[in-house]
Amino acid sequence: MDYIVELRNVRKEYRLGNQTVEALRGASLNVKAGQFLAIAGQSGSGKSTLLNLVGGMDRPTSGEIRVDGADISNLDRAGQDAYRLRKVGFVFQSFNLLHVFTAFQNVEMPLLLAGGMTAGERAKVVHQILADVGLGEKANRKPSELSGGEQQRVAIARAVVKRPPLVLADEPTANLDSRTSTVVVDLIRSLPKKYNTTIIFSTHHEPLMQIADVAVRMRDGNFVDSGAAA
Ligand code: ADP
Ligand code: MG
(Lines give C-alpha, C1' and ligand atoms only; values in the text may rest on other atoms or scores of the structure.)
(Ligands and ions follow the chains in the order given, each with its own letter.)
Protein backbone atom coordinates (compact mmCIF):
# COMPACT_ATOMS: atom_id res chain seq x y z
CA MET A 1 0.00 0.00 0.00
CA ASP A 2 1.27 3.43 -0.91
CA TYR A 3 0.83 6.21 1.57
CA ILE A 4 1.12 9.90 0.77
CA VAL A 5 2.24 10.63 4.36
CA GLU A 6 4.11 8.24 6.66
CA LEU A 7 5.29 9.14 10.15
CA ARG A 8 7.49 6.69 12.03
CA ASN A 9 8.14 7.21 15.71
CA VAL A 10 8.35 10.98 15.40
CA ARG A 11 9.57 12.91 18.40
CA LYS A 12 9.76 16.67 18.75
CA GLU A 13 11.28 18.50 21.66
CA TYR A 14 11.28 22.24 22.14
CA ARG A 15 13.83 23.97 24.36
CA LEU A 16 12.50 26.63 26.67
CA GLY A 17 15.45 28.00 28.62
CA ASN A 18 16.78 24.99 30.49
CA GLN A 19 13.49 23.10 30.16
CA THR A 20 12.60 20.60 27.45
CA VAL A 21 9.02 20.35 26.22
CA GLU A 22 8.15 17.01 24.62
CA ALA A 23 5.57 18.06 22.06
CA LEU A 24 5.54 14.76 20.14
CA ARG A 25 6.43 11.47 21.81
CA GLY A 26 6.98 8.84 19.16
CA ALA A 27 3.99 9.46 16.91
CA SER A 28 3.34 7.12 13.95
CA LEU A 29 0.70 7.60 11.27
CA ASN A 30 -0.11 6.49 7.72
CA VAL A 31 -2.28 8.55 5.43
CA LYS A 32 -3.58 7.22 2.13
CA ALA A 33 -3.60 9.43 -0.96
CA GLY A 34 -6.96 11.12 -1.52
CA GLN A 35 -8.00 10.79 2.11
CA PHE A 36 -9.71 13.46 4.17
CA LEU A 37 -8.21 12.92 7.60
CA ALA A 38 -9.08 14.73 10.82
CA ILE A 39 -6.74 15.05 13.78
CA ALA A 40 -8.64 15.88 16.92
CA GLY A 41 -7.18 16.74 20.27
CA GLN A 42 -7.24 19.30 23.02
CA SER A 43 -5.08 22.37 23.01
CA GLY A 44 -1.46 21.40 23.67
CA SER A 45 -1.82 17.81 22.46
CA GLY A 46 0.66 18.34 19.59
CA LYS A 47 -1.55 18.94 16.52
CA SER A 48 0.18 22.09 15.27
CA THR A 49 3.61 20.63 15.93
CA LEU A 50 2.71 17.60 13.84
CA LEU A 51 1.28 19.64 10.94
CA ASN A 52 4.28 21.97 10.96
CA LEU A 53 6.63 18.98 10.69
CA VAL A 54 4.62 17.38 7.87
CA GLY A 55 4.52 20.79 6.17
CA GLY A 56 8.29 21.13 6.23
CA MET A 57 8.24 24.19 8.47
CA ASP A 58 10.29 22.48 11.16
CA ARG A 59 12.28 19.26 11.65
CA PRO A 60 11.63 16.38 14.03
CA THR A 61 14.06 15.75 16.88
CA SER A 62 14.05 12.10 15.81
CA GLY A 63 11.98 9.72 13.74
CA GLU A 64 11.08 9.70 10.07
CA ILE A 65 8.58 11.64 7.98
CA ARG A 66 7.99 10.63 4.37
CA VAL A 67 5.72 12.58 2.04
CA ASP A 68 4.97 11.41 -1.48
CA GLY A 69 7.80 8.90 -1.20
CA ALA A 70 10.53 11.33 -0.09
CA ASP A 71 12.09 11.54 3.37
CA ILE A 72 11.68 15.14 4.56
CA SER A 73 12.95 14.58 8.12
CA ASN A 74 16.41 16.07 7.59
CA LEU A 75 15.93 18.72 4.92
CA ASP A 76 17.91 21.94 5.28
CA ARG A 77 16.16 25.30 4.93
CA ALA A 78 16.48 25.42 1.14
CA GLY A 79 15.26 21.83 0.88
CA GLN A 80 12.27 22.65 3.08
CA ASP A 81 11.41 25.68 0.94
CA ALA A 82 11.56 23.63 -2.26
CA TYR A 83 9.51 20.84 -0.69
CA ARG A 84 6.77 23.24 0.47
CA LEU A 85 6.60 24.97 -2.89
CA ARG A 86 6.06 21.72 -4.77
CA LYS A 87 4.08 19.55 -2.39
CA VAL A 88 2.08 21.41 0.24
CA GLY A 89 -0.77 23.87 0.56
CA PHE A 90 -1.43 25.33 4.01
CA VAL A 91 -4.60 26.71 5.59
CA PHE A 92 -4.14 28.47 8.93
CA GLN A 93 -6.47 29.16 11.80
CA SER A 94 -5.97 32.90 11.41
CA PHE A 95 -6.26 32.88 7.58
CA ASN A 96 -2.83 34.58 7.12
CA LEU A 97 -3.85 36.52 4.03
CA LEU A 98 -1.78 39.45 2.82
CA HIS A 99 -3.88 42.48 3.72
CA VAL A 100 -2.70 44.95 1.09
CA PHE A 101 -3.59 42.48 -1.68
CA THR A 102 -6.95 41.54 -3.15
CA ALA A 103 -8.42 38.04 -3.00
CA PHE A 104 -7.21 37.52 -6.57
CA GLN A 105 -3.67 38.62 -5.74
CA ASN A 106 -3.53 36.44 -2.62
CA VAL A 107 -4.53 33.36 -4.61
CA GLU A 108 -2.19 34.26 -7.47
CA MET A 109 0.83 34.55 -5.15
CA PRO A 110 1.83 30.84 -5.07
CA LEU A 111 1.69 30.74 -8.88
CA LEU A 112 3.91 33.81 -9.11
CA LEU A 113 6.40 32.25 -6.70
CA ALA A 114 6.43 28.97 -8.61
CA GLY A 115 6.93 30.78 -11.93
CA GLY A 116 6.49 29.39 -15.41
CA MET A 117 3.05 30.81 -16.23
CA THR A 118 2.03 33.94 -18.13
CA ALA A 119 -0.19 36.53 -16.45
CA GLY A 120 -3.06 35.40 -18.66
CA GLU A 121 -2.63 31.75 -17.68
CA ARG A 122 -2.49 32.69 -14.00
CA ALA A 123 -5.61 34.83 -14.27
CA LYS A 124 -7.56 31.97 -15.82
CA VAL A 125 -6.58 29.52 -13.07
CA VAL A 126 -7.19 32.00 -10.24
CA HIS A 127 -10.60 33.08 -11.51
CA GLN A 128 -11.67 29.44 -11.88
CA ILE A 129 -10.63 28.57 -8.34
CA LEU A 130 -12.24 31.67 -6.85
CA ALA A 131 -15.45 30.67 -8.65
CA ASP A 132 -15.07 27.13 -7.24
CA VAL A 133 -14.95 28.48 -3.69
CA GLY A 134 -17.92 30.76 -4.34
CA LEU A 135 -16.02 34.04 -4.53
CA GLY A 136 -16.13 34.66 -8.26
CA GLU A 137 -17.78 38.03 -7.70
CA LYS A 138 -15.41 39.15 -4.96
CA ALA A 139 -12.01 38.67 -6.60
CA ASN A 140 -11.11 42.33 -6.23
CA ARG A 141 -11.96 42.67 -2.55
CA LYS A 142 -9.26 42.97 0.07
CA PRO A 143 -9.37 40.68 3.12
CA SER A 144 -10.76 43.52 5.28
CA GLU A 145 -13.72 43.73 2.88
CA LEU A 146 -14.58 40.03 3.33
CA SER A 147 -16.19 38.09 6.18
CA GLY A 148 -14.15 35.58 8.20
CA GLY A 149 -15.65 32.67 6.30
CA GLU A 150 -14.91 34.36 2.98
CA GLN A 151 -11.34 35.06 4.02
CA GLN A 152 -10.89 31.41 4.88
CA ARG A 153 -12.30 30.46 1.47
CA VAL A 154 -9.67 32.70 -0.14
CA ALA A 155 -7.02 30.94 1.97
CA ILE A 156 -8.34 27.56 0.82
CA ALA A 157 -8.20 28.70 -2.81
CA ARG A 158 -4.62 29.83 -2.22
CA ALA A 159 -3.74 26.46 -0.71
CA VAL A 160 -4.98 24.45 -3.70
CA VAL A 161 -4.13 26.77 -6.60
CA LYS A 162 -0.86 24.94 -7.37
CA ARG A 163 -2.66 21.62 -7.05
CA PRO A 164 -0.37 20.25 -4.35
CA PRO A 165 -0.63 16.55 -3.49
CA LEU A 166 -1.11 17.49 0.17
CA VAL A 167 -3.17 20.20 1.90
CA LEU A 168 -2.70 20.82 5.62
CA ALA A 169 -5.27 22.83 7.55
CA ASP A 170 -4.50 23.68 11.18
CA GLU A 171 -7.79 24.32 13.01
CA PRO A 172 -9.21 26.08 9.94
CA THR A 173 -12.55 26.75 11.66
CA ALA A 174 -11.31 27.84 15.08
CA ASN A 175 -12.02 31.53 14.37
CA LEU A 176 -15.39 30.98 12.68
CA ASP A 177 -18.91 30.68 14.07
CA SER A 178 -20.51 27.25 13.80
CA ARG A 179 -22.63 27.96 10.72
CA THR A 180 -19.67 29.42 8.81
CA SER A 181 -17.54 26.51 10.01
CA THR A 182 -19.92 24.09 8.34
CA VAL A 183 -19.63 25.91 5.03
CA VAL A 184 -15.84 25.98 5.24
CA VAL A 185 -15.60 22.32 6.23
CA ASP A 186 -17.92 21.29 3.40
CA LEU A 187 -15.65 23.16 1.04
CA ILE A 188 -12.53 21.50 2.43
CA ARG A 189 -14.25 18.14 2.21
CA SER A 190 -14.85 18.68 -1.52
CA LEU A 191 -11.16 19.25 -2.23
CA PRO A 192 -9.70 15.72 -2.42
CA LYS A 193 -11.88 14.72 -5.36
CA LYS A 194 -11.99 18.05 -7.12
CA TYR A 195 -8.28 18.82 -6.86
CA ASN A 196 -6.91 15.31 -6.62
CA THR A 197 -5.28 16.01 -3.28
CA THR A 198 -5.10 14.69 0.29
CA ILE A 199 -6.28 16.74 3.26
CA ILE A 200 -5.14 16.58 6.84
CA PHE A 201 -6.95 18.99 9.13
CA SER A 202 -6.82 19.47 12.87
CA THR A 203 -9.63 20.49 15.15
CA HIS A 204 -10.52 20.57 18.81
CA HIS A 205 -14.21 20.53 17.87
CA GLU A 206 -15.57 16.99 18.21
CA PRO A 207 -18.45 17.15 15.67
CA LEU A 208 -16.03 18.04 12.89
CA MET A 209 -14.30 14.68 13.29
CA GLN A 210 -17.37 12.87 12.06
CA ILE A 211 -17.33 14.28 8.56
CA ALA A 212 -13.78 13.05 7.88
CA ASP A 213 -12.97 9.76 6.10
CA VAL A 214 -10.69 8.91 8.99
CA ALA A 215 -10.37 10.58 12.36
CA VAL A 216 -7.50 10.14 14.79
CA ARG A 217 -7.08 11.65 18.19
CA MET A 218 -3.98 13.05 19.86
CA ARG A 219 -3.23 13.28 23.54
CA ASP A 220 0.04 14.33 25.18
CA GLY A 221 2.07 14.25 21.99
CA ASN A 222 0.88 10.95 20.58
CA PHE A 223 -2.04 9.28 18.87
CA VAL A 224 -4.47 7.70 21.24
CA ASP A 225 -4.84 4.61 19.05
CA SER A 226 -1.29 4.39 17.76
CA GLY A 227 -0.79 3.39 14.16
CA ALA A 228 -4.28 4.63 13.33
CA ALA A 229 -5.45 5.46 9.82
CA ALA A 230 -3.66 2.50 8.26
P1 ADP B 1 -1.88 21.91 19.73
O2 ADP B 1 -1.72 22.45 18.34
O3 ADP B 1 -2.54 20.58 19.79
O4 ADP B 1 -2.53 22.90 20.64
P5 ADP B 1 1.00 22.27 19.91
O6 ADP B 1 1.61 21.41 18.89
O7 ADP B 1 0.88 23.72 19.60
O8 ADP B 1 -0.42 21.66 20.32
O9 ADP B 1 1.82 22.14 21.28
C10 ADP B 1 2.23 20.91 21.84
C11 ADP B 1 3.08 21.19 23.05
O12 ADP B 1 4.31 21.80 22.65
C13 ADP B 1 2.44 22.13 24.05
O14 ADP B 1 2.85 21.73 25.34
C15 ADP B 1 3.04 23.47 23.71
O16 ADP B 1 3.07 24.32 24.81
C17 ADP B 1 4.44 23.08 23.27
N18 ADP B 1 5.01 23.98 22.24
C19 ADP B 1 4.51 24.23 21.01
N20 ADP B 1 5.30 25.08 20.33
C21 ADP B 1 6.33 25.38 21.15
C22 ADP B 1 7.50 26.21 21.02
N23 ADP B 1 7.78 26.88 19.90
N24 ADP B 1 8.34 26.27 22.08
C25 ADP B 1 8.09 25.58 23.22
N26 ADP B 1 7.02 24.79 23.39
C27 ADP B 1 6.14 24.68 22.39
MG1 MG C 1 -2.49 24.18 17.48
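Predicted model, so just to flag it, every value in this text is computed and none were measured. (Residues numbered from 1 in each chain as written. Chains lettered and ligands numbered in written order. Predicted model: local features only at pLDDT ≥ 70, side-chain atom pairs only at ≥ 80, totals over all residues. Heavy atoms only, no water.)

(A) Focus on the packing of helix 3 (residues 103–114) against helix 5 (residues 148–160). At a minimum axis separation of 7 Å, helix 3 and helix 5 run at an interaxial angle of 25 degrees. Viewed along their axes, helix 3 and helix 5 adopt a mutual orientation that is roughly parallel. In this structure, helix 3 meets helix 5 at a crossing whose hand is right-handed. Residues Ala103, Asn106, Val107 and Pro110 of helix 3 touch helix 5, and the partners they reach there are Val154, Ala157 and Arg158. Taken together, the residues of the contact of helix 3 with helix 5 break down into 5 nonpolar, 1 polar and 1 charged. (Axes fitted to C-alpha atoms, helices over the stretch in contact; angles between N-to-C directions. Helix = DSSP H or I, 4+ residues; strand = E, 2+ residues; numbered from the N terminus. Parallel < 35°, antiparallel > 145°, perpendicular 65-115°, else oblique. Left-handed = near helix turned anticlockwise from the far one by under 90°. Contact = heavy atoms within 4.5 Å. Nonpolar A, V, L, I, M, F, W, Y, C, P; charged D, E, K, R; others polar.)

(B) Representation of the packing of aromatic side chains within the structure. The full count for this structure, using the stated rule, is 2 aromatic pairs. With centroids separated by 5.2 Å and ring planes inclined at 15 degrees, the aromatic side chains of Phe36 and Phe201 adopt a geometry described as stacked. With Phe36 in strand 3 (residues 36–40) and Phe201 in strand 8 (residues 198–203), this residue pair connects regions lying 165 residues apart in the sequence. For the pair formed by Phe36 and Phe201, the shared burial category is buried. Ring centres 5.0 Å apart and planes at 15 degrees place the aromatic pair Phe90 and Phe92 in the stacked group. (Phe/Tyr/Trp six-rings, centres within 6.5 Å; stacked < 30°, edge-to-face > 60°. Buried < 20%, exposed > 50% of the residue type's maximum accessible area, 1.4 Å probe, protein only.)

(C) Molecular detail of the site of ligand 1. Contacts to ligand 1 come from Tyr14, Leu16, Val21, Ala23, Gln42, Ser43, Gly44, Ser45, Gly46, Lys47, Ser48 and Thr49. Contact between ligand 1 and Gly44: an oxygen atom at 2.6 Å from a main-chain N or O atom of the residue. One of the side-chain nitrogen or oxygen atoms of Lys47 is found 2.8 Å away from an oxygen atom of ligand 1. If ligand 1 stood free it would expose 560 Å²; the protein chains cover 64% of that surface. Counting only elements with at least two residues in the shell around ligand 1, the list comes to strand 1 (3–16), strand 2 (19–32) and helix 1 (47–54). Broken down by element, the residue count for the shell around ligand 1 peaks at 3 residues, all from helix 1. Classifying every residue of the shell around ligand 1 by side-chain character gives 4 nonpolar, 7 polar and 1 charged. (Near = heavy atom within 4 Å. Polar contact = N/O pair within 3.5 Å; in protein donor to acceptor, adjacent residues only side chain to side chain. Areas by Shrake-Rupley, 256 points an atom, 1.4 Å probe, with all protein chains shown as cover.)

From the geometry alone we can't say anything about function, so treat these as descriptive.
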